[in-house]
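# A structural walkthrough
Chain by chain, the residues:
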Amino acid sequence: MFKDISIDELLPLKKIGKITVIDVRSPSEFKDATIPGSINIPLFDDKERAEVGTLYKQISKEAAQERGLEIASAKLPSFVKEFNKLKGDKAVFCWRGGMRSKTTATVLDLMGINVLRLDGGYRNYRNLVVDTLGALEVNPDTIVLNGYTGSGKTTILHRLEESDYPVIDLEGLANHRGSIFGQIGLEPHNQKKFDALFIESIERLQHAPYILIEGESKRIGKIMLPDFMMEKKNQGTQLFIEIPIEERVNNILEDYQPWDHEQECIDSFARIKKRIHTPIANEIESDLDTGKYFHAVRLLLEYYYDPLYDHSADQFDVDDKIIIKAETVNEAVVLLKDYLAKRYNEKVI
């Protein structure tokens, strides 16, 4: 007979790679939010889940269970085969530790495949995330990268992370670049997915002397940063990356590749067009329509994003600013590494 495992018992095992966690919910549920690092082997697909749910609501629990058993029985060989591919210890979960995970664990147990079932399912994990966010504190110092749009702040963080510097990429966790155009070419995460990834990132770096983050606003796309993270950001050391505007334009073009997302760019611009002086807005719109992306981006920087940034940057006292002036992102990375080495008496990685 299979055994249950609590979320408090499961997460340490997952963290050190001692167990494979399998989400047996439907693909759309898995896509919406899951325990980070889980894989999806659904007992029901989205259509089947909807059918069983309708029977449960409109007829009876027994009718839903009977139909669920019929559906599951037809796919058991392929379902069991997927689990047989997984080596080592395994744990399964559904929404609240109910019929789907119980059925899965029972069938696998009968087939000689040992699995644990997560008590309370994803719901218990989500409750733990919410409770953790309510009590979490960030121990390390915070080094905040600021700078005009296109200064390569995210790229700089990625380069530093590749060299094992303690980085939390908030935009990466949100899967959104944080601007009106920030979702182009991406599928932004919802709040539940962001929260789970954010907690894992914070807990991984709690013993670091500092963490590096980007100077984000409270909202990134549709997700909201926790208040304690905003306070930590505002109290942190503020670094300002200064890179020539031509290089910033090139950085933006490389990141967004607007030629592959023409209509998305046009639609996003329409949301801010009224905030820009009409002749300039018309020129930007014409450039986007005709593929003159370098000129369009430069105008957007000069007449929209840079003035917005100047307004927000006024909140910092001059004495609080540490300027890193560079010609390229690569040079900024080198200068930032030198700054960190001097401040924290560490070797340049």
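Coordinates for the structure precede this section.
In this convention, every chain numbers its residues from 1, walking through the sequence in written order. This being a predicted model, a pLDDT of at least 70 is required before a residue's local features are given, and a value of 80 or more before pairs of side-chain atoms are given or counted; all residues contribute to the totals for chains, interfaces and linings. Heavy atoms from the whole structure form the basis of all side-chain values; hydrogens and water molecules are not counted.

### Considerations on helix 4 (residues 61-74)
- Elements are defined by DSSP. Helices are runs of H or I of four residues or more, strands are runs of E of two residues or more, and each kind is numbered from the N terminus. An expected span of 1.5 Å times one less than the residue number is assigned to each helix. In this model, helix 4 (14 residues) spans 20 Å end to end at C-alpha, consistent with the 20 Å of a helix rising 1.5 Å per residue.
- Whether two residues touch is decided by their heavy atoms; if any such pair falls within 4.5 Å, the residues are in contact. Residues of helix 4 that are buried make contact with helix 3 (46-58) and helix 5 (76-84).

### A few points about the packing of aromatic side chains
- Here a pair means two rings of Phe, Tyr or Trp (six-membered ring of Trp) with centres within 6.5 Å. Their orientation is stacked below 30 degrees between planes, edge-to-face above 60, and tilted elsewhere. With the rule as written, the count across this model stands at 9 aromatic pairs.
- Measuring from centroid to centroid gives 5.2 Å for Phe-79 and Phe-83, while their planes differ by 65°, and the two rings are edge-to-face. Taken together, the positions of Phe-79 and Phe-83, both in helix 5 and 4 residues apart, correspond to about one turn of that helix.
- Between buried and exposed lies partly exposed: a residue is buried under 20% and exposed over 50% of the maximum accessible area for its type, with that area taken using a 1.4 Å probe on protein chains only. With relative accessibility at 0%, the residue Phe-83 sits in the buried group.
- Put simply, the rings of Trp-95, Tyr-122 and Tyr-125 touch in pairs and so form one group of aromatic residues.
- Charge-over-ring placement is defined geometrically: NZ (Lys) or CZ (Arg) within 6 Å of the ring centre, and within 35 degrees of the ring normal. Positioned over the ring face of Tyr-122 is Arg-25, at 4.8 Å from the centre of the ring.
- The residue whose ring lies beneath Arg-177 is Tyr-256, and the NZ or CZ to ring-centre distance is 4.1 Å.

### Thoughts on helix 12 (residues 245-256)
- Its 12 residues give helix 12 an end-to-end C-alpha distance of 16 Å, which sits within 8% of 16 Å, the value for a rise of 1.5 Å per residue.
- Buried residues of helix 12: Ile-245, Arg-248, Val-249, Asn-251, Ile-252, Leu-253 and Tyr-256, and no others.
- In the stretch just after helix 12, Gln-257 is the one whose phi turns positive, near 45°.

### What to know about the side chain of Arg-25
- Turning to its location among the elements, Arg-25 is positioned in the loop between strand 2 (20-23) and helix 2 (27-32).
- Identification of polar contacts relies on pairs of N or O atoms within 3.5 Å, with a donor-acceptor requirement for protein atoms, meaning one able to donate a hydrogen and the other able to accept it, and with residues adjacent in sequence counted only if both atoms are side-chain atoms. Polar side-chain contacts of Arg-25 include one of 2.5 Å to the backbone oxygen of Ala-33.
- Leaving out residues up to four positions away in the same chain, Arg-25 has contacts with Phe-30, Ala-33, Thr-34, Asn-40, Pro-42, Phe-93, Cys-94, Trp-95, Arg-100 and Tyr-122.

### Quick word on the sheet that holds strand 10 (residues 237-242)
- DSSP-based pairing: two strands are paired if at least 2 bridges between them are found. Read from one edge to the other, the open sheet built from 4 strands follows the order 7-6-10-11, with strand pairing classed as parallel. Each edge of the open sheet carries a strand with a single partner, namely strand 7 (210-214) and strand 11 (321-325). On average, adjacent strands in this sheet sit at an angle of 25° to one another, irrespective of strand direction.
- Of the pairings in the sheet, the one linking strand 10 to strand 11 comprises 5 bridges and is parallel in character. Within strand 11, the residue paired with Glu-242 across the bridge is Lys-325.
- For every element, the axis is a line fit to its C-alpha atoms; helices are fit only across the contacting stretch, and the angle between N-to-C directions ranges from 0 to 180 degrees. In the packing of helix 8 (residues 153-162) onto the sheet, contacts are made with strand 6 (141-147), strand 7 and strand 10, and the angle to strand 7 comes to roughly 150°.

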